[in-house]
Amino acid sequence: MNMPDDMIGRVEDTRLADALSERYLAYALSTIMARSLPDVRDGLKPVHRRLIYAMHQLRLDPDAGFKKCARIVGDVIGKYHPHGDSAAYEALVRLAQDFASRYPLVDGQGNFGNIDGDGAAAYRYTEARLTEVARTMLEGIDDDAVDLRPTYNAEEVEPAVLPAAFPNLLANGAAGIAVGMATSIPPHNAGQVCDAALALIENPQADTAMLLDHLKGPDFPTGGILVEDRASMLQAYETGRGGFRVRARWHKEDGRLGSWRIIITEIPYQVQKARLIEQVAALMEEKKLPLLADIRDESTETVRIVLEPKSRTIAPDVLMETMFRATALESRFPLNMNVLDATRTPRVMGVKEVLRQWLDHRHEVLIRRSTHRLASIDRRLEILDGFLLVYLNLDEVIRIVREEDEPKAALIAAFSLTDMQAESVLNMRLRSLRKLEEMEIRREHAKLSKERKDLDALLKSEPLRWKRIAHEVAAVRDQFGSGKLGDRRTDIAGPPATVEVAAEAFVEREPITVILSEKGWMRALKGHIADTVELRFKEGDALRFALPCETTDRLCLLATNGKAYTLKAADLPRGRGDGQPVRLLAGFGNEDDVIALLVPKEEARYLLVSSAGRGFVIRGADLLAEKRTGRQALNVKPGEEAAFCVPAEGDHVAVISESRKLLVFPLEQVPEMARGAGVILNKGGAPRDIMVLTLAHGLSWMSGEKQRVERDLSYWLGARGQSGKVPPNGFPKSGRFRN
C-alpha cells in the first residue's frame, strides 16, 4: 500500500487514553463480529464457515473421497482465514467429533480425539470430507443464494453466510467468548427444531410456550437426563438467558449374594470422562465420598463407569444423590443466545426470534435462488428459440455459414436473432442437426416454459413462498429428525425427586474418642481409647469426660443453663493438640459449665434434674438442637442450674440428697416432657447424686476400687417427693454412686 507523500514523516500527538480506546474498540469489534459470535442465520462462526466453504471448493462432498486435513487447513488459512493452523485444525476437529457436535458437519477419518479428553492426531495423519448435514447447509450456494465478499487479500471470494437449509444454530449449538460478551447455546434435536419452525410458519403469532410444545429442550450428543422444570425452561427460552441441569444416565446392576453396583452409561455434555474419574478419585482420597468404595472405567466405544458402594445396605438413590452433589455427574449448561443478527449486530434473542430470523433467511435464499434460476431459464429459452429458428430454416442457415464472411451478422440480419442466439447457433455441433435433437429441444423448451411460469408465480406470491419453505423444512426434518443420527438422546425428566441425604453420609465412619478436660478444652482422638491415664493435658488441667463414639455421631452437650447443644463429632478438632475451648464450639457463656456429654439415641430416654431437685424424663430426639445457640431443655430459676442428665434405663430412681438421705421410687412417677422445669424428686436438700436402676438388680456403688451392691432396697423404697433414709453401711462419704 502506497502512503501519500504528505503523510510521510508526519507525527501526530495523540492522548494515550484515546489511542488505546480506539485500538481496543477495534479489537473488541473484531472479536465480536469476526471471531467469537455465531451468525443467527447459519449458526456458524467465520472459521467454521470458511472450513466448510473451503472443503466445498475442494469438492469434498459426502460421496467423494477423503483428503488430508493438512490440505484443508492449508487452503483455509492461505485463502480465507489468516490465523494459525492449530486454531483452524482444532475447529475442524470439533466439527467432526460426534461427542462434541450433535450433527457433525465434517466426516473424519483417523484419530479425532475421544470423550476422555485426548486430542486428535496431527493434521498430516487425519483425513476429512463433508457430511450430508454440511451439504444441506451449502445447498444453493452456487445459485446466488447468498452474498460473496472478497477475502482478506482480495484474491478470492467467500460467502458472508451459508444458505443454511439445516437449522444449525439450535441443532448444533454454539459457544464463544468475545470482549465484553459471550454466547452459550446448547444443541437441540433437529427434528424438533423443524417442528417448531413449521409451527411458526403456520402461526406467526405463536408464543414461546407453543413452540416448546415441539422444541422439548436441549438434546446433547452425549445423552444424559435433563432435570429442569418447564417453567424455568420457558423463561430461559423466552429471554435467551438461563441454564439447564443435566445428569448422567445410570442404572443399578445386581451382583451375587445381594450385592449391587451402579453403571453409568452417559455423562453430561462437555464433561471429559477421564477428568471426571480423576475428580471422583480425589474426593475419595479426601474422604468426601464415604458411601463410595471404588470407581472403575470399563468403557470401550461406549461409556461404562462402574461405582461400587461401601455397603449393600446403602440405597442406590442416596449414593447417586451424593455423587450428583459432589461431582460433575450433574452439570449445568448455561444458555446465553447472544448472536449476530442479519445486520451483523450482536444481541440476545429468545428462541422465537432465533427461529424467525432463520426462516426469514430461508425466505431470502428462496427469492434469490428463484430469481437466479429464472434468469438462467430465460437465457436458455432464448437460446432454444434460436435453435428452433435454425431447424425451420436449416438450409438457409447452412448456406450463410458456408458462404458469408461474417456469418454471425448475417444470421442476425436474416432471422432477427440476438447476439447470444447467433453465437449459440454458430457453436452448434453437426450432430445437433438431426431430427431427434429437434424433438428434444422442443420438449426442453416446454419443460422450461412451465418451470418459468411456476417460478414467476412463486416470486409474485408470498404465501406460495412460505408453503415452499415449509415443504423444505419438512424435508430436512424427515431426513435428519429420525434414525441413528436424529433420534433424541437426552431424556426430559423434569425436576428430580427430593432424596434426603443426611450430612453424616458425607463423613467416613471411623471410631474416635472425644476428650473434654476439666478446664473446658475439647478434642477428638482416633480410635476408642481404653486407658485414659496416658492422656496429656495443659498444666493444672485433667480429664473430665472421655466419650467413645464415631465420626458420624452427633454429640449432645448439656450445660448448667439447662440448654442442650449439638456438636458434630466429625467437626471436632483432631490431632495431638489441646483442642479448642468447648465454649467456642458450643456457643455458651463463661458463667455456664458442662454437666453431661453423650451421644443421644432418638428413642432413648434420659432423666434431667436441676440443682433444686426438680426433674423430668426427656427423649433423646428432644436433646438434639439444629441451631448453634442450643435448645432449652430444662427451665431453671434464678439461683438454680441444671445438675444431672443420666440414662433412664431401668424402672426406679435412686436419689441421695445433701443431707445424706437415700430415696428410691418408681421411674413411672416422673413425667416425660420435651421441655419444662420438672417435678420435685425428693426432699431434704439438693440432690448430691442420682441414678436410674432396675430394682431386681439392686443398687450398686463404688467403695474405693470395689463395687458393692445392695439387693434389698425395701427399706429405702418410697414415693417421689419424700425425704428418704440413711444410706446403707459402707456407702461413700462423698454421697456419690460413682467415684
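- As recorded in an unreviewed UniProt entry, the chain goes by the name DNA topoisomerase 4 subunit A, listed as coming from Granulibacter bethesdensis.
- Under the UniProt heading Subunit (unreviewed entry), the entry covering the chain gives this text: "Heterotetramer composed of ParC and ParE."

## Section: the overall build of the chain
Inference 1: Helix and strand content of the chain: 19 helices and 34 strands.
Inference 2: Against the globule reference of 27 Å for 739 residues, the chain gives a C-alpha radius of gyration of 43 Å, more extended than a compact globule.
Inference 3: Seen through its C-alpha atoms, the chain measures out along the principal axes to roughly 155 × 65 × 45 Å.
Inference 4: Counting every position in the chain, which comprises 739 residues, the buried fraction comes to 46%.
Inference 5: For the chain, long-range pairs separated by at least 24 residues make up 68% of all intrachain contacts whose partners lie at least 6 apart in sequence.
Inference 6: A distance of 6 Å separates the average location of the 103 positive side-chain charges in the chain from that of its 107 negative side-chain charges.

## Thoughts on unusual backbone geometry
Inference 1: Phi at alanine 164 is positive, roughly 55 degrees, even though this residue is not glycine.
Inference 2: With respect to the helices and strands, the residue alanine 164 is situated in the loop between strand S5 (157–159) and helix H6 (168–172).
Inference 3: On the basis of relative accessible area, alanine 164 is assigned to the buried category, the value being 0%.
Inference 4: Positive phi is not limited to glycine here, since serine 416 has a value of about 55 degrees.
Inference 5: With respect to the secondary-structure elements, serine 416 resides in the loop between helix H14 (407–415) and helix H15 (419–426).
Inference 6: With a relative accessible area of 65%, serine 416 lands in the exposed category.

## Examining the domain arrangement of the chain
Note on interface size: it is often stated as the accessible area lost on association of the parts.
Inference 1: Taken domain by domain, the chain comprises domain 1 (31–166), domain 2 (249–328), domain 3 (353–487), domain 4 (507–591) and domain 5 (600–738).
Inference 2: On a C-alpha basis, the centroid separation for the pair domain 1 and domain 5 is 84 Å.

## Considering the layout of surface pockets
Inference 1: Looking at the largest pocket, its volume works out to about 830 Å³.
Inference 2: Among the elements of the structure, strand S20 (543–550), strand S24 (594–598), strand S25 (605–610), strand S28 (642–647) and strand S32 (687–693) are those that each provide at least two residues to the lining of the largest pocket.
Inference 3: Counting residues per element, the lining of the largest pocket draws most heavily on S28, at six residues.
Inference 4: A class-by-class count of the residues in the lining of the largest pocket yields 18 nonpolar, three polar and nine charged.
Inference 5: Roughly 590 Å³ of internal volume is contained in the second largest pocket.
Inference 6: In terms of lining residues, the second largest pocket is bounded by 22 residues, among which Asp98, Phe99, Ile115, Glu301 and Thr302 are the most central.
Inference 7: When its residues are assigned to classes, the lining of the second largest pocket shows seven nonpolar, nine polar and six charged.

## Concerning the UniProt feature "site: Interaction with DNA" (unreviewed entry) in the chain
Inference 1: Per the UniProt annotation, the sites labelled "site: Interaction with DNA" (unreviewed entry) are Lys45, His81 and His83. For the annotated residues, spread through 39 residues, the largest C-alpha to C-alpha distance comes to 13.9 Å, consistent with a single compact locus.
Inference 2: Relative to the elements of secondary structure, lysine 45 occurs in the loop between helix H1 (16–36) and helix H2 (46–57).
Inference 3: Ignoring any residue separated from it by four or fewer positions in sequence, one finds lysine 45 in contact with Arg35, Ser36, Leu37, Pro38, Ala175 and Gly176.
Inference 4: Following the sequence through the fold, histidine 83 ends up in the loop between helix H3 (69–80) and helix H4 (85–96).
Inference 5: Overall, the relative accessible area of 34% leaves histidine 83 in the partly exposed class.
Inference 6: Excluding anything up to four places from it in sequence, histidine 83 contacts Arg35 and Ile77.

## Digging into the side chain of asparagine 168
Inference 1: Along the chain, asparagine 168 falls in helix H6.
Inference 2: There is a polar contact of 3.4 Å between the side chain of asparagine 168 and the backbone oxygen of glycine 43.
Inference 3: Apart from residues no more than four positions distant in its own chain, asparagine 168 is found in contact with Asp42, Gly43, Leu44, Leu105, Met137 and Gly173.

## Re the sheet that holds strand S3 (residues 127–130)
Inference 1: With respect to topology, three strands assemble into an open sheet ordered S1-S3-S2, the strand pairing being antiparallel. The open sheet has two free edges, formed respectively by strand S1 (67–68) and strand S2 (106–109), since each of these has just one partner strand.
Inference 2: Across four bridges, the pairing between S2 and S3 is antiparallel. Among the inter-strand pairings, aspartate 107 is bridged to a residue of S3, identified as arginine 129.
Inference 3: Where H2 meets the sheet, it contacts S2 and S3, and its direction lies at approximately 90 degrees from that of S3.

## Thoughts on the confidence of the model for the chain
Inference 1: This prediction gives the chain a mean pLDDT of 89; 96% of its residues lie at or above 70.
Inference 2: Within the chain, the element-level pLDDT minimum falls on H1, averaging 75, and the maximum on S3, averaging 97.

## Concerning the pattern of salt bridges
Inference 1: Under the counting rule described, the total for this entry stands at 55 salt bridges.
Inference 2: Salt-bridge contacts for glutamate 298 lead to arginine 304; the nearest nitrogen and oxygen are separated by 2.9 Å.
Inference 3: Overlapping salt bridges bring together Glu253, Arg261, Asp294, Arg296, Glu298, Arg304 and Glu308 as one network.

## What to know about the packing of H2 against H4
Inference 1: Close contact between H2 and H4 brings their axes to 10 Å; oriented N to C, the two are set at 80 degrees. Between H2 and H4, the angle is such that the two are roughly perpendicular. Together, Val47, His48, Leu51 and Met55 of H2 and Ala88, Ala91, Leu92 and Leu95 of H4 make up the contact between the two elements.
Inference 2: Here the residues of the contact of H2 with H4 are counted per class, giving seven nonpolar, one polar and no charged.

## As for the environment of glutamine 421
Inference 1: Turning to its location among the elements, glutamine 421 is positioned in helix H15.
Inference 2: A residue is classified by how much of its surface remains accessible, and glutamine 421, at 8% relative accessible area, is buried.
Inference 3: Remark: the alpha-carbon pair of glutamine 421 and aspartate 385, spanning 36 residues in sequence, is separated by 7.9 Å.
Inference 4: In contact with glutamine 421, not counting residues within four places along its chain, are Glu382, Ile383, Asp385, Gly386 and Ser416.
Inference 5: A distance of 2.6 Å separates the side chain of glutamine 421 from the backbone oxygen of glutamate 382, its partner in a polar contact.

## So, the packing of aromatic side chains
Inference 1: Taken as a whole and assessed by the stated rule, the structure comprises twelve aromatic pairs.
Inference 2: Each ring, one from tyrosine 237 and one from phenylalanine 244, has its centre 5.5 Å from the other, and the planes form 40 degrees; the classification is tilted.
Inference 3: Overall, the relative accessible area of 0% leaves phenylalanine 244 in the buried class.
Inference 4: When the ring of phenylalanine 731 is compared with that of phenylalanine 737, the centres are 5.6 Å apart and the planes differ by 80 degrees; the resulting orientation is edge-to-face.
Inference 5: A relative accessible area of 5% means that phenylalanine 731 is categorised as buried.
Inference 6: Classification of phenylalanine 737 by relative accessible area gives buried; the value is 2%.
Inference 7: These aromatic residues form a ring-pair network of at least three members: Tyr103, Phe166 and Phe480.
Inference 8: Over the aromatic face of tryptophan 521 sits the side chain of lysine 538, whose NZ or CZ is 3.6 Å from the ring centroid.

How each quantity is defined
- Residues numbered from 1 in each chain as written.
- Predicted model: local features only at pLDDT ≥ 70, side-chain atom pairs only at ≥ 80, totals over all residues.
- Heavy atoms only, no water.
- UniProt positions renumbered as here; feature names shortened; annotations may be inferred.
- Helix = DSSP H or I, 4+ residues; strand = E, 2+ residues; numbered from the N terminus.
- Rg over C-alpha atoms; globule rule 2.2 N^0.38 Å.
- Buried < 20%, exposed > 50% of the residue type's maximum accessible area, 1.4 Å probe, protein only.
- Contact = heavy atoms within 4.5 Å.
- Lys, Arg positive; Asp, Glu negative; His and termini not counted.
- Charge placed at Lys NZ, Arg CZ, Asp CG, Glu CD.
- Domains from an automatic or database assignment.
- 1 Å grid on protein atoms, 1.4 Å probe; cavity = no way out; pocket = protein on both sides within 12 Å on 5 of 7 lines; lining within 4 Å.
- Points joined across faces, edges and corners; volume = space filled by probe spheres on them.
- Nonpolar A, V, L, I, M, F, W, Y, C, P; charged D, E, K, R; others polar.
- Polar contact = N/O pair within 3.5 Å; in protein donor to acceptor, adjacent residues only side chain to side chain.
- Pairing = 2+ DSSP bridges.
- Axes fitted to C-alpha atoms, helices over the stretch in contact; angles between N-to-C directions.
- pLDDT = per-residue confidence, 0-100.
- Salt bridge = Lys/Arg side-chain N within 4 Å of Asp/Glu carboxyl O.
- Parallel < 35°, antiparallel > 145°, perpendicular 65-115°, else oblique.
- Phe/Tyr/Trp six-rings, centres within 6.5 Å; stacked < 30°, edge-to-face > 60°.
- Lys NZ or Arg CZ within 6 Å of the ring centre and 35° of its normal.

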